[in-house]
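Commentary on secondary and tertiary structure
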Amino acid sequence: MLRKCRVKCIIKLVQKRIFLAISNIEKWGEQMSEQKQHNVREIGRRGFTLIELLVTISIMATLMSMLLPSLNRAREAGQRVVCQSNMRQLSLAWYMYAYDNSDRLCSADTLWNNPGYNWVADGEVIAGNNIGGTEDAIENGVLWWPYAGRSTDLFKCKTDGSELLRSYAISRTMNGKLCNCGDDNINPFRSLNEITRPAEKMVITDASSQGLWIEGSFSPVVDIEAESPVWYVRVNPDPVISRIITARHGEGCNISLADLHCEYWKYSDRRTVKLADWQEMFPAEASPGNVDLKRMVRLLRGIGQ
Ligand SMILES: [Zn+2]
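Quick summary incoming for the structure in this document. Keep in mind that this is a model prediction, so the values were computed, not measured. Per chain, residues are indexed from 1 in the order of the written sequence. Only residues with pLDDT of at least 70 are given local features in this predicted model, and only at 80 or more are side-chain atom pairs given and counted; all residues enter the totals for whole chains, interfaces and linings.

Regarding the overall build of the protein
Along the backbone of the protein there are 6 helices and 6 strands. Listing each helix as α and each strand as β along the protein from the N terminus yields α-α-α-β-β-β-β-β-β-α-α-α. Sorting the 305 residues of the protein into buried and exposed places 36% on the buried side. Counting from the N terminus, the helices are the DSSP runs of H or I reaching at least four residues and the strands are the DSSP runs of E reaching at least two. Here a residue counts as buried when 20 or more other C-beta atoms sit within 10 Å of its C-beta, as exposed when there are 12 or fewer, and as partly exposed otherwise, the C-beta atoms being derived from the backbone.

Set out below in structure tokens:
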């Protein structure tokens, strides 16, 4: 009997201790919750400290610096596709003009000296020429209407950040000069049916100029028949570089070829990129053993070349 009473007392004692412990835990929880709410209110009242702000800004700056190059590359890739679309439409316009004119190619030149069939008509680089580089120069060419659907935008590359309204040139090989003469030794095709290996002959290319427009047809090699060809950069007497290859599309450019396909050409030689960016690279330095130059020579070969 006495043993039973002791057991009951012990059980009651244990129960009391457990209730006490639970109530303590509940009180502690309430205190913690109040403290937490107080902290939140406190932070809300005082805002960020300077260090917290600086850490946040530096994290954001680091993230931006990591993301920006890939964003720029993505934007350029989009613009490259738009440029190829422009080139494809202009190449189709170039082809349709010839188709409608007994296979005769429009002139790749931009001067007035062969009126009626220049692809664009800027005129000569002389004082008093107020048409060169304007929309009129594009609209007076034979491609703008009806073949290019009156779209001046087709003549401008999105990646070209210059003031020029036209970012493209046509290869001199495509009816680009009046005679098969001159130092560049290019024998131009005059009609569609003369073009041999059309998939290897350049028609339209990204080009650039420091002047008011890209002057003349495109021929960036001094002599394509030379044993060791050299890049050619047209420099006006001013002196202004008026026609040069570009590397505006990720160290390369877009070109269209006479079979009407367009392609992106990424240069293989760093010297080509430097020359195209008008950095400190002269044609004589950029030429020896340059594989891009060798390809350019192949793209410029005309009749019997
Ligand atoms: Zn382009």
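Comments concerning helix H2 (residues 50-100)
Multiplying one less than the number of residues by 1.5 Å gives the expected span of a helix. Across its 51 residues, H2 extends 72 Å between first and last C-alpha, which sits within 8% of the 75 Å expected from 1.5 Å per residue. Across the chain, bend at a residue is computed as the angle between axes fitted to the seven residues ending at that point and the seven starting from it. Residue Leu 67 marks the point of greatest curvature in H2, where the axis turns by about 30 degrees; the proline Pro 69 follows within four residues. The complete set of buried residues in H2 reads Arg 80, Cys 83, Asn 86, Met 87, Leu 90, Ser 91, Ala 93, Trp 94 and Tyr 97. In the segment just after H2, Ser 102 is the residue with positive phi, at about 55 degrees.

Considerations on the nonpolar core
In this structure, Leu 90, Leu 143, Ile 170 and Val 203 are the most contacted members of the largest nonpolar core, which totals 59 residues. Among the elements that take part in this core, H2 stands out by supplying 6 residues, more than any other. For the purpose of contact definition, each residue receives a C-beta atom placed from its backbone, and two residues are in contact when these atoms lie within 7 Å. Residues in contact with Leu 90, not counting those within four places in the same chain, are Leu 143, Ala 148, Leu 154, Tyr 168 and Ile 204. Joined through C-beta atoms within 7 Å, a set of buried Ala, Val, Leu, Ile, Met, Phe, Trp, Tyr and Cys residues constitutes a nonpolar core.

Focus on unusual backbone geometry
Of note, the amide linkage connecting Trp 145 to Pro 146 takes the cis form, showing an omega dihedral of 5 degrees. Turning to its location among the elements, Pro 146 is positioned in the loop between helix H3 (135-139) and strand S1 (168-170). Phi at Asp 103 takes a positive value of approximately 75 degrees, unusual for a residue other than glycine. Mapping Asp 103 onto the fold places it in the loop between H2 and H3.

A few points about helix H6 (residues 291-299)
Among all positions of H6, only Asp 292, Leu 293, Met 296 and Leu 299 are buried. Down the axis of H6, the buried side of the element spans an arc of 115 degrees, and every buried residue falls inside it. The inward-facing, buried residues of H6 abut strand S2 (202-208) and helix H4 (270-276). Arc definition: directions from the helix axis to the C-beta atoms.

Quick notes on the pairing of strand S6 (residues 262-266)
A pair of strands counts as paired when DSSP detects no fewer than two bridges linking them. Pairing geometry for strand S5 (residues 252-257) and S6, over 5 bridges, is antiparallel. Residue Cys 253 lies in a different strand from S6, and its bridge partner there is Trp 265. Taking the residues that link successive antiparallel strands as the turn, the S5-S6 hairpin has 4 residues, and the phi of Leu 260 there is positive, at about 75 degrees.

Keep in mind these values describe shape, not function.
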